[in-house]
Amino acid sequence: MVSVGQHENIEILSHSEVEEVAGFVGNFKIKVRRKARYVTEDLCTGCGLCQEKCPAKKILSEFDAGLGTRTAIYLPFAQAIPRIPVIDRDNCRYFEEGKCGICAKLCPRGAVDFEQEDEFVELEVGTILVTTGFDLFDCSRVSQYGYGTYDNVLSSLQLERLLDASGPTRGKIVTRDGREPESIAIVHCVGSRDKNYNRHCSRVCCMYSLKLAHLIKDATNAEVYEFYIDMRTGGKGYEEFYERLQEEGVIFVRGRPAEVVPHDGRLVVKAEDANLGRLLQVPVDMVILSAGLEPRRGAQDVAHVFGLSRSADGFFLERHPKLGPVETASNGVFIAGACQSPKDIPDTVAQAGAAAAAAMVMMDRGRVTLEPSVAQANVRLCSGCGECVVACPYSALQLVEGHVEVDETLCKGCGVCVGHCRSKAITLLHFTDEQLLAEMQGALRVLEVA
Amino acid sequence: MPEPKIVAYACTYCSYPGADLAGTLRIQYSPHVNIIRVLCSGRVSPELILRTFREGADGVLVLGCHYGDCHFVSGNHRTVKRVAVLRRILEYAGIEPERLRLEWVSASEGERFARIVDEFTETIRGLTPIEQVLA
Ligand SMILES: Cc1cc2nc3c(=O)[nH]c(=O)nc-3n(C[C@H](O)[C@H](O)[C@H](O)COP(=O)(O)OP(=O)(O)OC[C@H]3O[C@@H](n4cnc5c(N)ncnc54)[C@H](O)[C@@H]3O)c2cc1C
Ligand code: FES
């Protein structure tokens, strides 16, 4: 990330969102909202004094998944690039009560600016890569596991935070009341492979659960139980890792737990071991829920802005699963990572590399080849009803001064508009009415003879 | 009784390769069907279908990618609506709606293609030739 930040050809616009994309491949014009962070980027040196002195210290940290706290002026996480803090308006005393302003008074560079407003920048770009990632499933939706009710039911992400040497517990796995757990249950597929929430397999949970079990074994003497439906370990060296965990003494139980209940200050996981055909009640000190990966909230809006389609599960749709895995329905817009489907880091990196390369090939060539079969509008016949504009899957048609115009760079030649037009004002080149009629007549003549 | 004449409009991305696969697999299917390739089933306009009947087709098959799989994202969503309406219009005009059928055939469904074509041929065989209906 540091080297990306320092690269002369890369400009990072953090705390920003693309709001509009106009134009077409090679000539996109995008409008970016640079949200006010209330700190002037050019002045801030990232010294961190403001964060140290901010009196609002009890805000739950999003990065620590609610296990740690942060201040109102804060850096989202220690390694964030650029190293410039942001003020969280909703929790800042200055914005709440009009008093305080300690950070502004202390900043040696006068970088804090409470008057800052959102700004817009317009960029001209040739190609676009969308890598907006995933959202973690909200475990509290599965109420029978007690996430958010029982202190020691944690999400997998929370355990990741406990394991971080610079995290809220400095790398120690402890219960909320500070005990080292004697036994821990890891529950797979929470929010995945479940028709109540998401039917898809989140693909990374089996492996990260095994990783977590390994790290727990490394850091504590706890007994670890993994409750799984199927163990999915496809990937280089992954099955071997699973075998290693079996040797490390992790207890694997095939069966999705029915519920987690409190008992004597501990927790009991109730499940059926499907292999043994036996009901189990396993007392543990901590339950880790291996939450699934979901499409990001707002994926619909992002799809709309960039002209992407989404598959039934809500993730962005690639142009073709095999032949166009990083391309999309919008020429010049590429996707990579977990926004396309749940995947782990190696797969994300591979796909991102492919997407970047595909974008560079286009830019390097400097021109694009369009399909010859595109729609053509006949201004004189067009009644301006606009039906075709609505029907076009690619927003390639527009009503201009009461009649339709085709943007050939956006048109993919499906001909849906032709099928829709009542005035016969649109022709699809290479599939014109005359051509299809002649073909059809020929076809019938052949059948007649036969 | 003359054999039925059937025209099938098949999309380039799923159904046409599906038909191609039926051939590659050497599956026998009704010789009374002739296929016309369009880019997407959404290209098939109501007018084209009507003219196909006018020109003497006893049946018209529209074949597209499975719902949700259209290469052009939502092209076949339009086809569904259009064919449904057109079938009612045909009925209103005294032409059996069974003469027009929309089916999904993916590129890997050579057998399904052959089955649909055979079934459709049988259905059409049971109907009066279109020339007599339109006469
Ligand atoms: C608990 C857990 C443990 C895991 N452990 C492992 C592991 O050990 N090994 C492994 O290989 N994988 C692991 N994974 C999987 C790994 O997290 C993913 O493979 C990886 O994060 C996918 O990367 P990404 O860049 O596609 O998406 P993300 O990491 O989700 O990044 C997306 C980025 O886009 C930004 N963004 C989103 N929307 C917008 C927008 N509209 N505008 C601007 N920016 C936006 C987000 O802020 C975010 O920074 C784990 C996952 C979980 C949940
Ligand atoms: S491309 Fe096959 S139905 Fe649209």
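All of these numbers come straight from a predicted model, not from anything done at the bench.

So, how was this worked out
Residues numbered from 1 in each chain as written. Chains lettered and ligands numbered in written order. Predicted model: local features only at pLDDT ≥ 70, side-chain atom pairs only at ≥ 80, totals over all residues. Heavy atoms only, no water. Helix = DSSP H or I, 4+ residues; strand = E, 2+ residues; numbered from the N terminus. Buried < 20%, exposed > 50% of the residue type's maximum accessible area, 1.4 Å probe, protein only. Contact = heavy atoms within 4.5 Å. Areas by Shrake-Rupley, 256 points an atom, 1.4 Å probe, with all protein chains shown as cover. Lys, Arg positive; Asp, Glu negative; His and termini not counted. Charge placed at Lys NZ, Arg CZ, Asp CG, Glu CD. Domains from an automatic or database assignment. Axes fitted to C-alpha atoms, helices over the stretch in contact; angles between N-to-C directions. Parallel < 35°, antiparallel > 145°, perpendicular 65-115°, else oblique. Left-handed = near helix turned anticlockwise from the far one by under 90°. Nonpolar A, V, L, I, M, F, W, Y, C, P; charged D, E, K, R; others polar. Pairing = 2+ DSSP bridges. Core = buried A, V, L, I, M, F, W, Y, C linked by side-chain atoms within 4.5 Å. Near = heavy atom within 4 Å. Polar contact = N/O pair within 3.5 Å; in protein donor to acceptor, adjacent residues only side chain to side chain. Patch = residues over 30% accessible without salt bridge, like charges linked within 9 Å, V, L, I, M, F, W, Y side chains within 5 Å. Salt bridge = Lys/Arg side-chain N within 4 Å of Asp/Glu carboxyl O. Right-handed = clockwise from strand over helix to strand, strands pointing away.

1. Regarding the overall build of chain A
Broken down by element type, chain A carries 12 helices and 23 strands. Principal-axis analysis of the C-alpha atoms gives chain A an extent of 85 × 70 × 40 Å. Out of the 450 residues belonging to chain A, those deemed buried represent 44%. The long-range fraction of contacts in chain A, counting pairs at least 24 apart against all pairs at least 6 apart in sequence, stands at 60%. Accessible surface, chain A: about 24,100 Å² in total, of which carbon and sulfur atoms supply 49%. Here chain A holds 49 positive side-chain charges and 62 negative ones, and the gap between their average locations is 2 Å.

2. Things to note about the domain arrangement of chain A
As assigned here, chain A comprises domain 1 (2-127), domain 2 (128-369) and domain 3 (375-445). Its C-alpha centre places domain 1 of chain A at a distance of 47 Å from the equivalent point of domain 3 of chain A.

3. Details of the packing of helix 12 (residues 433-449) of chain A against helix 2 (residues 46-54) of chain B
One can describe the packing of helix 12 of chain A onto helix 2 of chain B by two numbers: an axis separation of 10 Å at closest approach and a directional angle of 30°. Classified by the interaxial angle, the pair formed by helix 12 of chain A and helix 2 of chain B is roughly parallel. The handedness of the crossing between helix 12 of chain A and helix 2 of chain B is right-handed. Across the interface between the two elements, Asp433(A), Leu436(A), Leu437(A), Met440(A) and Leu444(A) from helix 12 of chain A touch Glu47(B), Leu48(B), Arg51(B) and Thr52(B) from helix 2 of chain B. A class-by-class count of the residues in the contact of helix 12 of chain A with helix 2 of chain B yields 5 nonpolar, 1 polar and 3 charged.

4. Section: the sheet that holds strand 13 (residues 251-254) of chain A
In sheet architecture, strand pairing relies on hydrogen bonds along the backbone and comes in two forms, parallel and antiparallel. Residue and element names in this part refer to chain A. Here we have 5 strands laid out as an open sheet, ordered 10-17-11-12-13, and parallel in their pairing. On the outer flanks of this sheet lie strand 10 (153-155) and strand 13, each paired with one strand and no other. Taken pair by pair, the neighbouring strands of this sheet meet at an average axis angle of 20°, ignoring direction. For strand 11 (residues 183-190) and strand 17 (residues 286-291), the ladder comprises 5 bridges, and the chain directions are parallel. Each residue of the ladder has a partner; that of Ile 184, found in strand 17, is Met 286. Of the strands in this sheet, strand 10 and strand 17 touch helix 5 (residues 156-163), which is tilted by about 85° from strand 10.

5. Quick word on the nonpolar core
In terms of nonpolar packing, the biggest core is built from 49 residues, with Tyr9(B), Ile49(B), Val60(B) and Leu100(B) touching the most fellow members. Considering each element in turn, this core owes the most residues, 6 residues, to helix 12 of chain A. When sequence neighbours within four positions are dropped, the list of residues in contact with Ile49(B) reads Val44(B), Val60(B), Val62(B), Leu86(B) and Leu100(B). Leu154(A), Ile173(A), Tyr238(A) and Val250(A) belong to the second largest nonpolar core, which has 29 residues in total.

6. Structural notes on the site of ligand 1
Residues and elements named next belong to chain A. If you check the shell around ligand 1, you find 21 residues, and the closest are Lys 211, Ala 338, Lys 343, Asp 344 and Ile 345. Taking Ala 338, its main chain carries an N or O atom lying 2.8 Å from an oxygen atom of ligand 1. At 2.5 Å from an oxygen atom of ligand 1 is found a main-chain nitrogen or oxygen belonging to Lys 343. Those elements that place two or more of their residues in the shell around ligand 1 are strand 1 (16-22), strand 9 (134-136), helix 5, helix 6 (205-219) and helix 9 (345-365).

7. A few points about a negative patch on the surface
Together, Glu239(A), Glu240(A), Glu243(A) and Glu247(A) make up a region of like negative charge exposed at the surface. Mapped onto the fold, Glu239(A) is located in helix 7 (residues 238-247).

8. Considering the pairing of strand 1 (residues 6-11) of chain B
Residues and elements named next belong to chain B. Within strand 1, 6 of the 6 residues are buried, leaving the element largely enclosed by the surrounding structure. Here strand 1 shows no split at all, with Ile 6, Ala 8 and Ala 10 on one side and Val 7, Tyr 9 and Cys 11 on the other all buried. Alignment of strand 1 against strand 2 (residues 33-38), held across 6 bridges, turns out to be parallel. Looking at the pairing, Cys 11 lines up with Val 38 of strand 2. Running through helix 1 (residues 15-24), the crossover from strand 1 to the neighbouring parallel element strand 2 is right-handed.

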